[in-house]
Amino acid sequence: MESLTPLLAILCPAIAAPLVLLSRNHPNIREGWTIAAGITMFALVLSMGPEVLKGDVIRFTMFHTMFKNIDFAFKVDAFGLIFAITTSSLWILVSLYSIGYMRSLKEHAQTRYFFAFCLAILGAIGVALSANLLTMFVFFEIITVSTYPLVIHEQTPEALGGGHKYFAYLMPAGAFFLFGVVATYYLTGSCDFTPGGIKALATTSPVAATVLFFCFLLGFMKAAWMPFHSWLPTAMVAPTPVSALLHAVAVVKAGVFGIVRMICYIFGVGLVDELGLWLILACIAGFTMIMGSFFAIAQDDIKKRLAYSTISQLSYVILGAAFLTKDGVMGAMLHIPFHAYMKITLFLCAGAILVGSGKRKISEMAGLGKTMPVTMLAFSIAAIGMAGLPPLCGFISKLYLCFGAWELHPPYGMIFLAVILTSSVLDIVYFFPIIHAAFFREPVDAERTNGGYVIKEAPTFMLVPLSITAAFSILFFIYPHTFYIIDLVQLAIVELFGGG
Amino acid sequence: MLLAEQLPVIIVTVAMFCGFTILLAGYLNKKSAFWISLLANIVFFALSILTLRHVLAVGPIKYWQGGWRPPWGIEYVVDAMNAYLLVILFFIVILIEIYSKRNVEKEIEARKHPTFYALIQLMVAGLAGITVTGDLFNMFVWLEIASLTAYALIAVAGGRALRASYNYVIMGSIGAVFYIFGVGWIYAATGTLNMADMRILLPVVYDSRLVQMAFAFIVVGIMIKAYIFPLHFWQPDAYTYAPSSVSAMIASIHGKVMIYILIRLVYSVFTLDFIRYYIGLDLIICWVAAAGILAGSVFAIKQRNVKRMLAYSSVSQFGYILLGIGLSPLSPWGLVGVVAHILNHAVMKGCLFLAAGSFIHQEGKWDIRSFEGLSKRMPWASGAFAIAAISMIGIPPTAGFASKLFLILASLDAAQYPFVVILLLSGLLNLVYFWRVIDRMYFVRHEEPTEGGNEGTRRLPISMTAPMMVLAALCIILGIFWLTDIPMPLINQILSDLSTGGRL
């Protein structure tokens, strides 16, 4: 069905960006644009839900390109809509949070910050709704470039170094992706996302297909799989809301989204299985999960620890997709929104701790539960969810991943099941000390005030969003139909694997 | 349609006479020089658009000078390719002239103004002449007019520019000699100078060493004039020391027209078959281009002077165009890349030079290391520079991305995989040296100068800002334009005109 709605949704941040620049002298109006755009976009995205659930695919063709069979077009299918809903709903919350964070810390260049934020969201929503690889590539690059000013926001040499590293990884990745796009078109004459894969790709030579697969994999370096992960912890020099939305949601999720898209909608599950590529991918993912967790344990800076946790968790999604089984892919798709909500809660809490107490180091966080109860409670909820324990949504996605592993051929099934469980245990290992210290250890007296800094809860602007995301992490467990998420995932699975 | 047939020759002759008019009028009133030149070029721009429309609707225009029939007389032929180039030529010239007014007032002493604009106008006439002519010797005449005026324009600033200009004179003259030798030998072999005629007569003598030698000589001559690596060494000095508007004009237009000669020669005089089967030069061209792409970028990384950096970047970008030419016997996308990049590069490089020129104009800053905080003091110019730089890197949706996409597709289509790698690598090298500048302008922390007493408060005149902004906007608009199917008719017309010999 042709409809203007996808375009309108994408236009929201696109229009908000120049408006933010124009009202740079009126902070309240400037932030008003962001919030208004966020709410409108979320409403538009959500309004497509019922239509998509009926089995319709909403399309919008902007223009035909010079290349035969490629349009610059948007397509809203079940899987794309999941990512779109995740991004757009969290943008509103993070914008609210940003207002509190940026103003409390009296950050400079706030206009540039909100402007770049709008563009990054534009990229993320574009990636979610694009109908083919070329369209996706355009938005992918928009994300990469617009995130740079956010990463180097502090403009210290350290921040600039982080930004340069960020580019040093992601720009070559873009080149690989571009090569993948053009090569796919050259090999098959098409680059549309087709459930079950592009047919013509299955008939090309296995070598070409394998090379293409790895080009795409390198192209999706945003997914931070090891050994190409180190840009992510370095990029944590960014202000916390940036780390939260972009490095737990938009940027890295665009990466894993791309990998799932590639496996299920470009190559097709059958071809990846035939070429044996799934095993390589699953090994990469498994390795990243375990190693990411170990690295996380070693970090004392809370944001660094969360960054490594993200690296580890992203690989759950990759692993689920690599299983190529119904439940595995389902787990992967579910983990995208669920992990987003939980991880964003953790990052928002980290930011609230920084604003409320000025602390970054985990070793200094003893007794924070008394002075900052709301923040630490939300943090604990999300941390439990990360480990995959009920009653949190992380449990659902990890359960499906385990089912997915169970369905594999005998030796592999048990191995990967063990990997998932080990990684979950490690999650507990690196989150539990924080919770324990916050609630059950007395603060050293000297730390009750931090150099004249009275420790108190962060401003309401920050507490409300993080409470909401924590609440949603529970809500998704109790009622996974919130925002149509589980229905959409089931629909996507039916599209891919057939059956009821 | 009688008038339309005469448009090309009107443009060229009137442009020529305008040059002299400006000189005379300039003695009476110094201010008039600029306005006459600008007005004339706006009219020429309108006429060239009419020409393009006519060519696309009706077909190539042929005009016989003095009514002499082609093999004896001089023929002017305009098909889709050169009509397109003509439009670009005048469009960029108009923008740069508007920009140059205030810039020239500052950089060049008042008594030289009429001469300056007269030279500009003569150079434009020369470039337009090269573009429309269908006769190889006539092309040489126009080529020399365009080159001599360029030597003078570069030298206008005096000082170090004199040396740069002198180098250019020497190299340019050597290039011209190469060219005229080649043309002479072809004349000896075929007895004609008319391109269309030559195309018919040449196949018989394709095997002749003389003809093959002639082709090689002409190519070398053009390579010097179009500063293609490794014959580019005169160019960075010339760009660096010339007045900013002259650098912009030469970088975005002069070189394009030079490379157009090569395009015309390869497609319309000789044929792709000749390039490929008789001398096997297509892949050699590709590799020369690839070497230029990489070398230009690597040299650019080493530069501190922003104009010199842009000059080396041009060397690299001309490699893109040459690569497209080299790939075109194997894939039609090669020529699409050439057509797109001629326009894209003119817009991007024009914008970059104008922005760089305005940094020098306003604050006297040419060293990239001194660019800290420039975005605060000159937001529009910095913005234009940043957009054009992003476009050079080839990030979608900008013009540079479209060129890159076409050329990558051409390389794949031609099964020449190494060039895919080189193109992608070049994008990353561009990132290295352009992002360095953006970082300095926008992101590196710097000490704010104390309030008051700094000249940064003086705003850049609108006549300098507006052309930059137009070009910067075009960087994005063209990026989308080349992705859509709107330019398809133009490109198809150019493809059919060139490969079937538009001059016939």
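Preceding this section is the structure that the text describes.
What counts, and where the lines are drawn
Residues numbered from 1 in each chain as written. Chains lettered and ligands numbered in written order. Predicted model: local features only at pLDDT ≥ 70, side-chain atom pairs only at ≥ 80, totals over all residues. Heavy atoms only, no water. Helix = DSSP H or I, 4+ residues; strand = E, 2+ residues; numbered from the N terminus. Rg over C-alpha atoms; globule rule 2.2 N^0.38 Å. Buried < 20%, exposed > 50% of the residue type's maximum accessible area, 1.4 Å probe, protein only. Contact = heavy atoms within 4.5 Å. Areas by Shrake-Rupley, 256 points an atom, 1.4 Å probe, with all protein chains shown as cover. Lys, Arg positive; Asp, Glu negative; His and termini not counted. Charge placed at Lys NZ, Arg CZ, Asp CG, Glu CD. Salt bridge = Lys/Arg side-chain N within 4 Å of Asp/Glu carboxyl O. Disulfide = S-S within 2.5 Å. Patch = residues over 30% accessible without salt bridge, like charges linked within 9 Å, V, L, I, M, F, W, Y side chains within 5 Å. Phe/Tyr/Trp six-rings, centres within 6.5 Å; stacked < 30°, edge-to-face > 60°. Lys NZ or Arg CZ within 6 Å of the ring centre and 35° of its normal. Buried area = accessible area lost by both parts, 1.4 Å probe. Polar contact = N/O pair within 3.5 Å; in protein donor to acceptor, adjacent residues only side chain to side chain. Nonpolar A, V, L, I, M, F, W, Y, C, P; charged D, E, K, R; others polar. Pairing = 2+ DSSP bridges. Axes fitted to C-alpha atoms, helices over the stretch in contact; angles between N-to-C directions. Parallel < 35°, antiparallel > 145°, perpendicular 65-115°, else oblique. Left-handed = near helix turned anticlockwise from the far one by under 90°. Expected span 1.5 Å × (residues − 1). Bend = angle between axes of the 7 residues up to and from the residue.

> Now, about the overall build of chain A: what can you tell me, with residues and values included?
From N to C terminus, chain A includes 22 helices and 4 strands. For chain A, whose C-alpha radius of gyration is 21 Å, the value lies close to the compact-globule estimate of 23 Å for 500 residues. Oriented by its inertia axes, the alpha-carbon framework of chain A measures out at about 70 × 55 × 40 Å. Burial analysis of chain A (500 residues in total) assigns 65% to the buried set. Considering only contacts within chain A whose residues lie at least 6 apart along the sequence, 81% involve residues at least 24 apart. A total accessible area of about 15,600 Å² is found for chain A, and carbon and sulfur atoms account for 70% of it. With 27 positive and 25 negative side-chain charges, chain A shows a spacing of 6 Å between the two charge centroids.

> I'd like to hear about the overall build of chain B, residue by residue, with values.
For chain B, the helix and strand inventory stands at 20 helices and 2 strands. Its C-alpha radius of gyration of 22 Å places chain B within 12% of the 23 Å reference for a compact globule of 504 residues. The dimensions of chain B, computed from C-alpha atoms along their principal axes, are 75 × 60 × 40 Å. Counting contacts in chain B only where the partners sit at least 6 residues apart, residues at least 24 apart contribute 81% of the total. Accessible surface, chain B: about 17,200 Å² in total, of which carbon and sulfur atoms supply 68%.

> Can you lay out the pattern of salt bridges for me, pointing to particular residues and giving the numbers?
Residues and elements named next belong to chain B. Counted according to the given criterion, the structure contains 16 salt bridges over all chains. Residues E363 and R377 are paired through a salt bridge, measuring 2.6 Å at the closest nitrogen-oxygen approach. Residue E363 is found in helix 14 (residues 332-363), and its partner R377 is found in helix 15 (residues 374-377); the two are separated by 14 residues along the sequence. A residue is classified by how much of its surface remains accessible, and E363, at 16% relative accessible area, is buried.

> For the state of the cysteines, give the residues involved together with the corresponding values.
Residue and element names in this part refer to chain A. Evaluation of the coordinates by the stated rule reveals 0 disulfides over all chains. Take C264: it sits in no disulfide, and the sulfur closest to it among the cysteines is that of C191, at 17 Å. Between C393, a cysteine without a disulfide, and C349, which holds the nearest cysteine sulfur, the sulfur-to-sulfur distance is 14 Å.

> Just give me the short version of a nonpolar patch on the surface, but keep the residues and values in it.
All names here are of chain A. Taken together, L4, L8, L11 and I15 make up a surface patch of nonpolar side chains, about 320 Å² in accessible area. Take L4: it is sitting in the segment before helix 1 (5-22). Given a relative accessible area of 46%, L4 falls into the partly exposed group.

> Can you break down unusual backbone geometry residue by residue, with the values?
Look at the link from P390 of chain A to P391 of chain A: it is a cis peptide, with omega at 0°. Its location among the elements puts P391 of chain A in the loop between helix 17 (373-386) and helix 18 (393-406). A cis amide bond links P396 of chain B to the next residue, P397 of chain B, at an omega of -5°. In this structure, P397 of chain B sits in the loop between helix 16 (379-393) and helix 17 (399-413). Its identity as a non-glycine residue notwithstanding, K106 of chain A has a phi of 50°, on the positive side. The residue K106 of chain A is located in the loop between helix 4 (78-104) and helix 5 (110-129) in this model.

> Go over the packing of aromatic side chains with me, naming the residues and quoting the values.
Applying the stated criterion to the full structure yields 74 aromatic pairs over all chains. Taken together, a centroid distance of 5.7 Å and an interplanar angle of 45° make the contact between Y341 of chain A and F472 of chain A tilted. You can see Y341 of chain A sitting in helix 15 (residues 326-357) and its partner F472 of chain A sitting in helix 21 (residues 460-478), a full 131 residues away along the chain. Plain terms: the ring middles of F481 of chain B and W482 of chain B are 5.3 Å apart, the flat faces sit at 70° to each other, and that makes the pair edge-to-face. An aromatic cluster is present here, built from F137, F140, F177, F213, F214, F216, F220 and F267 of chain A together with F401 of chain B joined pairwise through their rings. For the cation-ring pair, R261 of chain A lies above F193 of chain A, with the distance from its terminal atom to the ring centre recorded as 4.8 Å.

> Would you mind going over the interface of chain A and chain B in detail, with residue names and values included?
Taken together, the contact pairs 30 residues of chain A with 33 residues of chain B. Between chain A and chain B, the buried area comes to about 2,800 Å², and carbon and sulfur atoms account for 80% of it. For chain A, the biggest contributors to the area lost against chain B are M66, F67 and Y186 of chain A; these three give 26% of the whole. Counting across the chain A and chain B interface gives 0 salt bridges. Across the chain A-chain B interface, the total number found is 7 residue pairs in polar contact (both at pLDDT 80 or more). Of all elements in the fold, only strand 1 (58-64), helix 6 (133-151) and helix 7 (157-188) of chain A reach the threshold of two or more residues within the side of chain A that touches chain B. When residues in the side of chain A that touches chain B are grouped by element, the largest group, 12 residues, is from helix 7 of chain A. For the side of chain A that touches chain B, the per-class residue count stands at 22 nonpolar, 5 polar and 3 charged.

> Please set out the pairing of strand 2 (residues 71-76) of chain A residue by residue, giving values where relevant.
Burial runs high along strand 2 of chain A: 5 of the 6 residues are buried. The loop that links strand 1 of chain A with its antiparallel partner strand 2 of chain A comprises 6 residues; one of these, N69 of chain A, has a positive phi angle of about 70°.

> Any chance you could break down the packing of helix 4 of chain A against helix 15 of chain A for me, citing the residues and the numbers?
Residues and elements named next belong to chain A. In the contact formed by helix 4 and helix 15, the axes pass within 10 Å of each other and the chain directions differ by 5°. With respect to helix 15, the element helix 4 is oriented roughly parallel. Taken together, the residues of helix 15 that come into contact with helix 4 (itself represented by F79, I82, F83, T86, S89, L90, V94, Y97, Y101 and S104) are M333, I336, P337, A340, Y341, I344, F347, L348, G351, A352, L354 and V355. Of the residues that constitute the contact of helix 4 with helix 15, the class distribution is 18 nonpolar, 4 polar and no charged.

> Tell me what's going on with the packing of helix 13 (residues 277-298) of chain A against helix 19 (residues 410-440) of chain A, and back it up with residues and numbers.
All names here are of chain A. The N-to-C vectors of helix 13 and helix 19 enclose an angle of 20°; their axes lie 9 Å apart at closest approach. By the angle between their directions, the pair helix 13 and helix 19 is classed as roughly parallel. Along this stretch, helix 13 crosses helix 19, giving a crossing that reads as left-handed. For the pair helix 13 and helix 19, contact is made by W278, L279, A282, C283, G286, M289, I290, S293, F294, A296 and I297 and by Y412, F416, V419, I420, T422, S423, L426, D427, V429 and Y430, respectively. Of the residues belonging to the contact of helix 13 with helix 19, the class tally is 16 nonpolar, 4 polar and 1 charged.

> Quick rundown of helix 15 of chain A? Include the residues and the values.
All names here are of chain A. Spanning 32 residues, helix 15 covers 46 Å between terminal C-alpha atoms, matching the ideal 46 Å at 1.5 Å per step. Largest kink in helix 15: about 35°, centred on H335, with the proline P337 one to four residues after it. Among the 32 residues of helix 15, 30 are classified as buried, and the element is accordingly described as predominantly covered. Directly beyond the C-terminal end of helix 15, a positive phi value near 75° is found at G358.

> Which residues make up helix 10 (residues 244-269) of chain B, and what values go with them?
Helical geometry: 3.6 residues make up each α-helical turn, so side chains three or four residues apart lie on a common side. Residue and element names in this part refer to chain B. Taking 1.5 Å of rise per residue, the 26 residues of helix 10 would be expected to cover 38 Å, and the 36 Å separating its terminal C-alpha atoms lies within 8% of that figure. Bending of helix 10 peaks at approximately 40° at the position of I250. The buried fraction of helix 10 amounts to 26 of the 26 residues, a majority that puts the element mostly inside the structure.

> Tell me about the environment of A128 of chain B, and please be specific about residues and values.
Residues and elements named next belong to chain B. Tracing the sequence through the fold places A128 in helix 4 (residues 113-132). C-alpha of A128 to C-alpha of F181: the two residues are 53 residues apart in sequence and 23 Å apart in space. In contact with A128, not counting residues within four places along its chain, are V12, L86, L89 and F90.

> So what about the side chain of S165 of chain B? Which residues, and what values?
Residues and elements named next belong to chain B. Tracing the backbone through its elements, the reader meets S165 in helix 6 (residues 160-190). For S165, a relative accessible area of 5% translates into the label buried. Those residues within four positions of S165 in sequence are excluded, and the remaining contacts are Y151, I154 and A155.

> Which residues make up the side chain of S252 of chain B, and what are the values?
Residue and element names in this part refer to chain B. Along the chain, the position of S252 falls in helix 10. Note on S252: relative accessible area 0%, which makes it buried. Residue contacts for S252: discarding those within four places in its chain leaves I92, I96, A346 and G350.

> With reference to specific residues and values, describe the environment of G280 of chain B.
One can find G280 of chain B in the loop between helix 11 (272-278) and helix 12 (282-302). Residue classification places G280 of chain B among the partly exposed residues on the basis of a relative accessible area of 30%.

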